[in-house]
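# Secondary and tertiary structure notes
Okay, here's what each chain looks like letter by letter:
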Amino acid sequence: MSDRERPPNTTDDSEPALDDEDQNEEESATEDALRSTIDKSEQGAPAAGSAVRDRFSADEIFQRILATADEEFNRSFRLLFLSGLAAGFAMSLSFVGVAALSGLIPGENGASSAAGYLLYPVGFMFVVLGSYQLFTENTLTPVTLVMTRVASIPAMLRVWAVVFAANILGVAASAYVLANTHVLEPEAATMASRIGHHFFELSWGAIFWKGVFAGVLIAGMVWLIHAARDTAARVLVIFALTYAVGAAELAHCIVGAGETLYVVFSGGESLLAFFTEFLVPATLGNTVGGVVLVALLNYSHTHESRAYNRTDLDWNDWLFGNYIGKPTTATSAEGDGSTSD
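Described in the following lines is the structure provided in the data block. (Residues numbered from 1 in each chain as written. Predicted model: local features only at pLDDT ≥ 70, side-chain atom pairs only at ≥ 80, totals over all residues. Heavy atoms only, no water.)

### Remarks on the packing of helix 3 (residues 77-104) against helix 12 (residues 253-265)
For the pair helix 3 and helix 12, interaxial distance at closest approach is 8 Å and the crossing angle is 65 degrees. The way helix 3 lies across helix 12 gives a crossing that is right-handed. Residue-level contacts link Met 91, Ser 94 and Phe 95 of helix 3 to Ile 254, Val 255, Gly 258, Glu 259 and Tyr 262 of helix 12. Residues of the contact of helix 3 with helix 12, tallied by class, amount to 5 nonpolar, 2 polar and 1 charged. (Axes fitted to C-alpha atoms, helices over the stretch in contact; angles between N-to-C directions. Helix = DSSP H or I, 4+ residues; strand = E, 2+ residues; numbered from the N terminus. Left-handed = near helix turned anticlockwise from the far one by under 90°. Contact = heavy atoms within 4.5 Å. Nonpolar A, V, L, I, M, F, W, Y, C, P; charged D, E, K, R; others polar.)

Structural data, given as structure tokens:
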């Protein structure tokens, strides 16, 4: 029989070819394996939604944040400090941008302030897209590892302390240069002083509550950034939420530190007043807003798929030890026999 006359489902040895159903199953398994590889990062965080490919569920967003937190915890203190220092310099650009643009617009009406704060997101763009370490972002990500008992509270506090100190040093250096040079034009310098003096005129409680709402917006920004799949969406999220912080004149402890230190280095206020009247209430407010009102609430509605732990910290280690475990996804935990708390 010629090749042309041979039945389509037989081989040269007259053996049956692979059944169409078996072939489809094999192709499907290959596609599933390929999709699984593409849709997960090296740390197991999802890169695509399981139900809808371009949209993550709350549990999937939480897993992505866990992966980011793990990366932050695994950095050395030296790298954390240098990254935090760069973030401090970058955040001063928000202050410079607002002062410069507001100084170019005559008058003290609402339109002038609304336009000036269009440049408030500049520093946040540098920090988020450049993956710098900013304290108000760290009020959400490392806390997730602590809440799942993968990392201890003292370990998180050490990360916070290093990042916070580096941020303040970076923004303070920028404020000193701005106050003692002619980087800002006279109109911009006048506006910079006005912005800084505004916080010194507020009460301790007012700054605290302004800090709470700023913390909610910034920590919420981090959550939404992990829900976005492309840079354009992240830029839109950063701009919208940080513009709201600036336009509402909320108290962000790092940007506000640059604004108030400018006044201090210009001779308008004392360094003690900066610490007691602005930095303390603003930092406490940002932390409360970021941790309690965002991290805890977002965590509470992801109870169906919390992280699995390789380290099962007891209460003593969790409260007083310096432990940093390794979070795993539910899939990998099932594979290695780990169990959740």
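Right, picking up where we left off after that structure.
### Points about the environment of Phe 135
Looking at the element boundaries, Phe 135 is found in helix 6 (residues 135-138). Exposure remark for Phe 135: the relative accessible area of 4% places this residue in the buried category. Taking C-alpha positions, Phe 135 is 9.6 Å from Ile 168, a pair spaced 33 residues apart along the chain. Sequence-distant contacts of Phe 135, that is, excluding residues within four places in its chain, are made with Trp 160, Val 163, Phe 164, Asn 167, Cys 253, Thr 283 and Thr 287. (Buried < 20%, exposed > 50% of the residue type's maximum accessible area, 1.4 Å probe, protein only.)

### Here's the deal with the nonpolar core
Judged by nonpolar contacts, the single largest core of 69 residues is most densely connected at Phe 124, Met 221, Phe 274 and Phe 278. Sorting elements by how many residues they give to this core places helix 8 (residues 153-180) first, with 10 residues. Of all hydrophobic cores here, the second largest spans 8 residues; its members include Ala 188, Ala 189, Ala 192 and Tyr 262. (Core = buried A, V, L, I, M, F, W, Y, C linked by side-chain atoms within 4.5 Å.)

### What to know about the packing of helix 3 against helix 8
Contact geometry of helix 3 with helix 8 gives a least axis separation of 7 Å together with a crossing angle of 40 degrees. Between helix 3 and helix 8, the interaxial angle falls into the category oblique. Seen along the crossing, helix 3 lies across helix 8 with a hand that is right-handed. Seen from helix 3, the contacting residues are Phe 77, Leu 80, Phe 81, Gly 84, Leu 85, Ala 87, Gly 88, Phe 89, Ser 92, Phe 95 and Val 96; seen from helix 8, they are Arg 158, Val 159, Val 162, Val 163, Ala 166, Asn 167, Leu 169, Gly 170, Val 171, Ala 173, Ser 174 and Leu 178. Here the residues of the contact of helix 3 with helix 8 are counted per class, giving 16 nonpolar, 6 polar and 1 charged. (Parallel < 35°, antiparallel > 145°, perpendicular 65-115°, else oblique.)

### Regarding the packing of aromatic side chains
Under the defined criterion, the tally for this structure stands at 12 aromatic pairs. Between the aromatic rings of Phe 95 and Tyr 262, the centroid separation amounts to 5.6 Å while the plane-to-plane angle is 65 degrees, which identifies the pairing as edge-to-face. Of this pair, Phe 95 sits in helix 3 while Tyr 262 sits in helix 12, placing them 167 residues apart in sequence. For the pair Phe 95 and Tyr 262, one class covers both residues: buried. The structure contains a cluster of three or more aromatic residues connected by ring pairs, namely Tyr 117, Tyr 120 and Phe 124. (Phe/Tyr/Trp six-rings, centres within 6.5 Å; stacked < 30°, edge-to-face > 60°.)

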